[in-house]
Amino acid sequence: MRKAFLRHVRRFPWVTNVTLYGCLFAGGDFVHQWFSRREKMDWSHTRNVAVVAFSFHGNFNFFWMRFLERRFPGNSARMVMRKLFLDQTTAAPLATSVFYTGVSFLEGKEDILEDWREKFLNTYKTGLMFWPFMQFLNFALVPLYVRTTFTGCCAFVWATFLCFSRQSGDGTAAAALCLYVYITDLHFSYVKYHV
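The name given to the chain in an unreviewed UniProt entry is MPV17 mitochondrial inner membrane protein like, and the organism recorded there is Seriola dumerili. Its UniProt record gives the chain the following Sequence similarities (unreviewed entry) comment, quoted word for word: "Belongs to the peroxisomal membrane protein PXMP2/4 family."

Quick look at the structure:
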């Protein structure tokens, strides 16, 4: 199974990476809504997150990873740090901005910059506690042809936080911690009453 998957990724790198990234990112919204225990899933919100993920995030990430590898080839400590610095100072702010404004645009908000103004800086600072570690592993250990997929796996967790932050948080690490505590409490409650 693993060999077949890797063969498929090598044969169709763009389609496979972007599709997996988009599905994982949209899955983060699904998980957020599921853990929020809403009476009814808001599929239009999941659709909007998926549109942003497929149309921008997955594609941007795919071509960004290739650009970085061409510009700074290899996985020596020096090259990894250069890629990491550029990723966190260029790609991270852009991706966060596109998420907040893109979803607001798709929802038809009058002021599509409202969420961005209120939450961007906090979200970016929170991301600096998560993404540098994930991208260090990505640049140092993951082959180029699956880097976007690896980033998508990390983005699954990140998208859960982003959707939480957009709907009820403020983009801070404290909000991320509250989300983690809430999810952990739900898990232990489920185990306690169903096992």
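After that view of the structure, there is still more to cover.
A. Expanded view of the overall build of the chain. Summing up its helical and strand segments, the chain has eight helices and zero strands in all. Order of helices (α) and strands (β) in the chain, N terminus to C terminus: α-α-α-α-α-α-α-α. The proportion of buried residues among the 195 residues of the chain is 47%. Considering only intrachain contacts with a sequence separation of at least 6, the fraction spanning at least 24 residues in the chain is 72%.

B. Highlighting the nonpolar core. If you look at the biggest cluster of nonpolar residues, it comprises 17 residues, and the most contacted ones within it are F25, V49, F99 and L162. Elements represented by at least two residues in this core include exactly α2 (13–35), α3 (43–71), α4 (77–106) and α7 (147–167). Here this core gets seven residues from one element, more than from any other, and that element is α7. Contacts of F25, omitting those with residues within four sequence positions, involve V49, A53, H57, F99, A155, A159 and L162. M65, L84, A91 and A140 belong to the second largest nonpolar core, which has eight residues in total.

C. Just the packing of aromatic side chains, in detail. The tally for this structure, following the rule as stated, stands at 14 aromatic pairs. The interplanar angle of 15° and the centroid separation of 6.0 Å between the aromatic rings of Y21 and F25 together place this pair among those described as stacked. Residue Y21 and its partner F25 are both found in helix α2; the two are separated by four residues, about one turn of the helix. Exposure remark for Y21: the relative accessible area of 5% places this residue in the buried category. Judged by centre distance (5.9 Å) and plane angle (25°), the rings of F30 and W43 are stacked. Taken together, the positions of F30 in helix α2 and W43 in helix α3 put the pair 13 residues apart, joining distant regions of the chain. Clustering of aromatic rings is evident, with ring pairs tying together Y21, F25, F99 and Y100. In this structure, R66 packs its charged tip against the face of F62, placed 3.7 Å from the ring centre.

D. Quick look at the packing of α3 against α7. Between α3 and α7, whose axes approach to 11 Å, the crossing angle comes to 140°. Judged by the angle between their axes, α3 and α7 are oblique. Our pair here, α3 against α7, has a crossing hand that is right-handed. On α7, the residues that touch H45, V49, G58, N61, F62, M65, R66 and E69 of α3 are R147, T148, T151, C163, R166 and Q167. Class assignment of the residues belonging to the contact of α3 with α7 gives a composition of four nonpolar, six polar and four charged.

E. Representation of a nonpolar patch on the surface. Together, F12, W14, V15 and F63 make up an exposed nonpolar region whose accessible area comes to about 390 Å². The residue W14 is located in helix α2 in this model.

F. Inspection of the UniProt feature "transmembrane region" (unreviewed entry) in the chain at higher detail. Feature annotation in UniProt places "transmembrane region" (unreviewed entry) on residues 12–35, 47–64, 144–164 and 171–190, given in this structure's numbering. Within residues 47–64, the helical portion is 100% and the strand portion 0%, while the C-alpha atoms at the span's ends are 24 Å from each other. For residues 144–164, the end-to-end C-alpha separation is 30 Å, with 86% helix and 0% strand making up the annotated structure.

G. View of the side chain of N48. Looking at where N48 falls in the secondary structure, it is placed in helix α3. Among the residues examined, N48 registers a relative accessible area of 4% and is labelled buried. In contact with N48, not counting residues within four places along its chain, are V103, L106 and E107.

Criteria and thresholds
- Residues numbered from 1 in each chain as written.
- Predicted model: local features only at pLDDT ≥ 70, side-chain atom pairs only at ≥ 80, totals over all residues.
- Heavy atoms only, no water.
- UniProt positions renumbered as here; feature names shortened; annotations may be inferred.
- Helix = DSSP H or I, 4+ residues; strand = E, 2+ residues; numbered from the N terminus.
- Buried < 20%, exposed > 50% of the residue type's maximum accessible area, 1.4 Å probe, protein only.
- Contact = heavy atoms within 4.5 Å.
- Core = buried A, V, L, I, M, F, W, Y, C linked by side-chain atoms within 4.5 Å.
- Phe/Tyr/Trp six-rings, centres within 6.5 Å; stacked < 30°, edge-to-face > 60°.
- Lys NZ or Arg CZ within 6 Å of the ring centre and 35° of its normal.
- Axes fitted to C-alpha atoms, helices over the stretch in contact; angles between N-to-C directions.
- Parallel < 35°, antiparallel > 145°, perpendicular 65-115°, else oblique.
- Left-handed = near helix turned anticlockwise from the far one by under 90°.
- Nonpolar A, V, L, I, M, F, W, Y, C, P; charged D, E, K, R; others polar.
- Patch = residues over 30% accessible without salt bridge, like charges linked within 9 Å, V, L, I, M, F, W, Y side chains within 5 Å.
- Areas by Shrake-Rupley, 256 points an atom, 1.4 Å probe, with all protein chains shown as cover.
- Salt bridge = Lys/Arg side-chain N within 4 Å of Asp/Glu carboxyl O.

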